[in-house]
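Descriptive structure summary
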Protein chains: 2
Amino acid sequence: MEQAARRSTIADVARAAGVSKAAVSFAFNTPERLSAETVSRIREIATTLEYRPDPVARMLAQRRTWTIGILTPQGLDVIFTNPYFGEFTAGVATAAEAAGLAIQFISPLHGSLTRAVDRASVDGIITVGLGADHPEVGQIRRSGLPFVVVDSTGLPDEPAIEVDDEGGARLAAEHLVGLGHRDFLVIGIEPPSATSGLEPAGVTARRLRGYDAGVAAAGLHLTEDDMVVGPASMEGGTDAFRRAWAAGARPTAVLVMSDAMAIGAMHAARDLGLRVPEDVSIIGYDDVDVAQFTDPPLTTVHQPIRQKGEEAVRLLLAGGRHRDEGSLEQQLLETRLVVRGTTARAPRGRGEVVDDGR
Amino acid sequence: MEQAARRSTIADVARAAGVSKAAVSFAFNTPERLSAETVSRIREIATTLEYRPDPVARMLAQRRTWTIGILTPQGLDVIFTNPYFGEFTAGVATAAEAAGLAIQFISPLHGSLTRAVDRASVDGIITVGLGADHPEVGQIRRSGLPFVVVDSTGLPDEPAIEVDDEGGARLAAEHLVGLGHRDFLVIGIEPPSATSGLEPAGVTARRLRGYDAGVAAAGLHLTEDDMVVGPASMEGGTDAFRRAWAAGARPTAVLVMSDAMAIGAMHAARDLGLRVPEDVSIIGYDDVDVAQFTDPPLTTVHQPIRQKGEEAVRLLLAGGRHRDEGSLEQQLLETRLVVRGTTARAPRGRGEVVDDGR
DNA sequence: ACGGTCCACTAAACCGGTTTGCTAAACCGC
DNA sequence: GCGGTTTAGCAAACCGGTTTAGTGGACCGT
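All values derive from a computational prediction rather than experimental measurement. (Residues numbered from 1 in each chain as written. Chains lettered and ligands numbered in written order. Predicted model: local features only at pLDDT ≥ 70, side-chain atom pairs only at ≥ 80, totals over all residues. Heavy atoms only, no water.)

Re the overall build of chain A
Assigned secondary structure in chain A consists of 13 helices and 12 strands. Here chain A has a C-alpha radius of gyration of 26 Å; the compact-globule value for 358 residues is 21 Å, and the former is much larger. For the C-alpha atoms alone, the extent of chain A along its principal axes is close to 95 × 40 × 35 Å. For chain A, restricting intrachain contacts to residue pairs at least 6 apart in sequence, the fraction spanning at least 24 positions comes to 70%. Summed over its atoms, the accessible surface of chain A is roughly 15200 Å², and 52% of this surface lies on carbon and sulfur atoms. Separation of charge centres in chain A, based on 36 positive and 48 negative side chains, amounts to 5 Å. (Helix = DSSP H or I, 4+ residues; strand = E, 2+ residues; numbered from the N terminus. Rg over C-alpha atoms; globule rule 2.2 N^0.38 Å. Contact = heavy atoms within 4.5 Å. Areas by Shrake-Rupley, 256 points an atom, 1.4 Å probe, with all protein chains shown as cover. Lys, Arg positive; Asp, Glu negative; His and termini not counted. Charge placed at Lys NZ, Arg CZ, Asp CG, Glu CD.)

As for the protein's contact with DNA strand D
Contacts to DNA strand D come from 30 residues, most closely from Ser20 and Thr38 of chain A together with Ile10, Ser25 and Asn29 of chain B. Within 4 Å of the protein, atoms of DNA strand D come from sugar and phosphate in 57% of cases. Between DNA strand D and Ser35 of chain A, the relevant distance is 3.0 Å, taken from a phosphate oxygen to a main-chain nitrogen or oxygen of the residue. Contacts to DNA strand D include Asp54 of chain B, whose backbone N or O atom sits 3.3 Å from a sugar or linking oxygen. Of all the secondary structure elements, the ones that give two or more residues to the surface near DNA strand D are helix H2 (21-29) and helix H4 (55-62) of chain A together with helix H2 (21-29) and helix H4 (55-62) of chain B. Residue composition of the surface near DNA strand D, grouped by class: 15 nonpolar, eight polar and seven charged. (Near = heavy atom within 4 Å. Polar contact = N/O pair within 3.5 Å; in protein donor to acceptor, adjacent residues only side chain to side chain. Nonpolar A, V, L, I, M, F, W, Y, C, P; charged D, E, K, R; others polar.)

Things to note about the sheet that holds strand S7 (residues 227-230) of chain B
Residue and element names in this part refer to chain B. Within the open sheet, the four strands sit side by side as S7-S6-S8-S9. Their pairing is parallel. If you trace the sheet from one side to the other, it starts and ends with S7 and strand S9 (281-283), each paired once. On average, each strand axis in the sheet is tilted by 20° relative to the strand beside it, whichever way the strands run. Sheet analysis places strand S6 (residues 184-189) next to S7, joined by four bridges and oriented parallel. Looking across to S7, one finds that Ile189 is bridged to Gly230. The strands touched by helix H12 (residues 259-271) within the sheet are S6, S7, strand S8 (253-256) and S9, with S6 carrying the most contacts at an inclination of about 135°. (Pairing = 2+ DSSP bridges. Axes fitted to C-alpha atoms, helices over the stretch in contact; angles between N-to-C directions.)

Digging into the interface of chain A and chain B
How big an interface is tends to be stated in terms of accessible area lost as the parts join. The interface of chain A with chain B comprises 67 residues on the first partner and 67 residues on the second. Summing both partners gives a buried area of about 5500 Å² for chain A against chain B, and 62% of it is carried by carbon and sulfur. Linking chain A with chain B are six salt bridges. Notably, a salt bridge pairs Arg270 of chain A with Asp295 of chain B, separated by 3.7 Å at the nearest N-O pair. Inspection of the region where chain A meets chain B yields nine residue pairs in polar contact (both at pLDDT 80 or more). Ranked by residue count, the leading element in the side of chain A that touches chain B is helix H6 (residues 83-98) of chain A, at eight residues. Grouping the constituent residues of the side of chain A that touches chain B by class yields 31 nonpolar, 18 polar and 18 charged. (Buried area = accessible area lost by both parts, 1.4 Å probe. Salt bridge = Lys/Arg side-chain N within 4 Å of Asp/Glu carboxyl O.)

With respect to the packing of helix H1 (residues 10-17) of chain A against H2 of chain A
All names here are of chain A. Interhelical geometry of H1 versus H2 gives an angle of 100° and a closest axis separation of 8 Å. Taken as axis vectors, H1 and H2 run roughly perpendicular relative to one another. Residues Ile10, Ala11, Val13 and Ala14 of H1 touch H2, and the partners they reach there are Lys21, Val24 and Ser25. Partitioning the contact of H1 with H2 into residue classes produces five nonpolar, one polar and one charged. (Parallel < 35°, antiparallel > 145°, perpendicular 65-115°, else oblique.)

Here's the deal with the domain arrangement of chain A
Domain boundaries in chain A define domain 1 (10-53), domain 2 (67-162 + 305-333) and domain 3 (165-303). A straight line from the C-alpha centre of domain 1 of chain A to that of domain 2 of chain A covers 38 Å. (Domains from an automatic or database assignment.)

Quick look at the relation of the copies chain A and chain B
Overlay of chain A on chain B (RMSD 0.1 Å): rotation 180°, translation along the axis 0.0 Å. What the rotation and shift describe, once combined, is the action of a two-fold rotation axis. (Least-squares fit on C-alpha atoms with pLDDT ≥ 70 in both.)

With respect to the protein's contact with DNA strand C
Taken together, 30 residues lie around DNA strand C, and Ile10, Ser25 and Asn29 of chain A together with Ser35 and Thr38 of chain B are the ones closest in. Here DNA strand C approaches the protein such that, of its atoms within 4 Å, sugar and phosphate make up 56%. Contact distances for DNA strand C include 2.9 Å between a phosphate oxygen and a side-chain N or O atom of Asn29 of chain A. Residue Asp54 of chain A places a main-chain N or O atom 3.3 Å away from a sugar or linking oxygen belonging to DNA strand C. Those elements giving two or more residues to the surface near DNA strand C turn out to be H2 and H4 of chain A together with H2 and H4 of chain B.

With respect to the packing of aromatic side chains
Per the counting criterion, the structure on display carries 12 aromatic pairs over all chains. Relative to Trp245 of chain A, the ring of Phe241 of chain A has its centre 6.2 Å away and its plane inclined at 20°; by these criteria the two rings are stacked. Note that Phe241 of chain A and Trp245 of chain A are positioned in helix H11 (residues 234-246) at a spacing of four residues, about one turn of the helix. Of the residues examined, Phe241 of chain A reaches a relative accessible area of 1% and is grouped as buried. An aromatic cluster of at least three residues, connected via ring pairs, comprises Phe80 and Phe105 of chain A together with Phe80 and Phe105 of chain B. Between the NZ or CZ atom of Arg207 of chain A and the centre of the ring of Tyr285 of chain A, over which it lies, the distance is 3.7 Å. (Phe/Tyr/Trp six-rings, centres within 6.5 Å; stacked < 30°, edge-to-face > 60°. Buried < 20%, exposed > 50% of the residue type's maximum accessible area, 1.4 Å probe, protein only. Lys NZ or Arg CZ within 6 Å of the ring centre and 35° of its normal.)

Considerations on unusual backbone geometry
Cis geometry is found at the peptide bond from Val276 of chain A to Pro277 of chain A, where omega equals 10°. Mapped onto the elements, Pro277 of chain A comes out in the loop between helix H12 (259-271) and strand S9 (281-283). The step from Asp295 of chain A to Pro296 of chain A runs through a cis peptide bond, and the omega angle for that step is -10°. Relative to the helices and strands, Pro296 of chain A resides in the loop between S9 and strand S10 (300-302). Look at Arg63 of chain B: it is not a glycine, yet its phi comes out positive at around 50°. For Arg63 of chain B, a relative accessible area of 62% corresponds to the exposed category.

Some remarks on the sheet that holds strand S8 (residues 253-256) of chain A
All names here are of chain A. Strand order in the open sheet made by the four strands is S7-S6-S8-S9, with parallel pairing throughout. Strands with a single pairing partner mark the edges of an open sheet, and in this sheet they are strand S7 (227-230) and S9. Pairs of neighbouring strands in the sheet enclose a mean axial angle of 20°, with direction left out of account. Here S8 runs beside S9; their pairing, made up of three bridges, is parallel. By the bridge assignment for S9, Leu255 is matched with Ile283. Strands in contact with helix H10 (residues 203-215) are strand S6 (184-189), S7 and S8; relative to S6, the strand with the most contacts, it is inclined by about 165°.

Structure (structure tokens):
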């Protein structure tokens, strides 16, 4: 991929029009500083010369790139095929487009996220799923770039967008308890890399706490031991359910932390001869678009995914301050239960009986 | 979003180290031009000063942005939520990452694709679903930027990646004909904007021709009149099927040009009380990941989506020339039929009988 | 002692724009 | 006709790097 053919520059236009470079710049950016005739003459010449200001030179001179970055610890290949990320990004894109901003994805470059951050030319960054105490967030903080963290509790006084993960998870568990379920399996999202286990500020930990709070009404207690984790994809869900089954788990209800995984788990359950929801209830998380289109439609916890994206850029543009002037910089969005077709009353006479047999 | 705090520049490092700016530059880019001690001294000072080369300044000086653009006529919000695009982009991202390149999305800015192209700072462009005769492609061609067109026949001698759309479609139709179907509905992808109708070089037209060729064996003929179109999303598919049904169509088989739409159509069919595949067979196109996870799993035409993305960047990097030196610049990738669970023998005694009654 | 090579490094031009004084002419009221 | 204000446009600095041409000194063989 070699260089583009030589294109006309601002100097060419200036020469052709017999004016200074400054005048050409004015003609496009602040035409009111020039007489009307001069402006139109310069513009005409620019058109015939097919002049187009070099965006990079402009960025350097203005020290603005008109671009915001989305920072994720996962690789781009998983981002783009994950419906949750897709919808989140769509939200970001919508708000960015409205503000005339481009978006750039910042994800590990040759395995190094730090390097990727260094190479990114952006005016601000939205981090998603990255704890405020992660080294890369520290790197951004030191660099002085404005940023907003999403899906991870921010440091106090730093802008963040969160949803009520715990509350939503509790609703899900309570729903199943109400249907008579007592044998649960939790399918969780694997932490991005094997850095640490369950960070308490992480999404996975928060949702697990919510599930646990929900089953407490039935006198039950859920811990990491009742959970199997995997990547947040359909394959990941299939695989997680199979592993749990192979390890002897015989739940009547499965609490899944992502819709994609829930769809995969449903598939795996059916492969094993289980009917959904008659034999096993499954409840997802996120309420992505596709959740309405599964068969039966997926019961899940709704969170305003696109809205998160839009709010994140608003917050970024506002410099961390809220629209209603000076209010808190941390925003907690609501979640709610959406009951559709994958949950039903617990099958009778199970739970106590079969749990170890084979 | 104001400017970042002042960061140290190459001049600061040079001053602190008592060397010239050039030396600092060399220390990072061509260390062999300096003595080992000098290099390490400069690097140390750079580290303590938290120096990080400004990527924009570097781009300007090198006249390379290390970025490739993906140009689509659709808005980013539809791109990111469309599984086909997601997988294609994942392919691009994989190959780009390997080459140390970032990717940037170029899509209509405030409604203007031309403006978006002007503002993009990229070294090369991959256009997807945009005819080689479109004005924006002309714009790119004139600008001298290398580019590759995907999903649209390129001009001769211009690099392009295509799949055998027509052949795949034919396979799909033949499969259904072989199962005894005679009453077809085609659900097509709506052209990006209302620019023109069916351009013969477009994906939709090619697939339609393939379907038509496939049913020809049964003495049938398919035209645009047998087709209903909509946006390439699940909702689009649901909507399209409903419209067709409301207009009196009573097909025993539906040929859908996108998996997302096929899933939507399946949903709509069931809402209308139809069983899939007993009452109506449905066949998609693309074989996106989710196609394996529908219930029943979707019969569809496979195309190598990710591979298209990877090949596109390879071709771009090779400057349009193929790896095996000098061969043709146009690549035609294969499609194949994947029979899963949404197609079955045509229901008996239908077709001739019910077609108008109610 | 001398010209020639190498080595390690520097000075300055350059990339292509924006922006900040500044100036010359036009315009103004009186 | 004169000081004061606008207006229209220019020259030059600047953004922060890369890259080219060049320089001074050490080293070398004779």
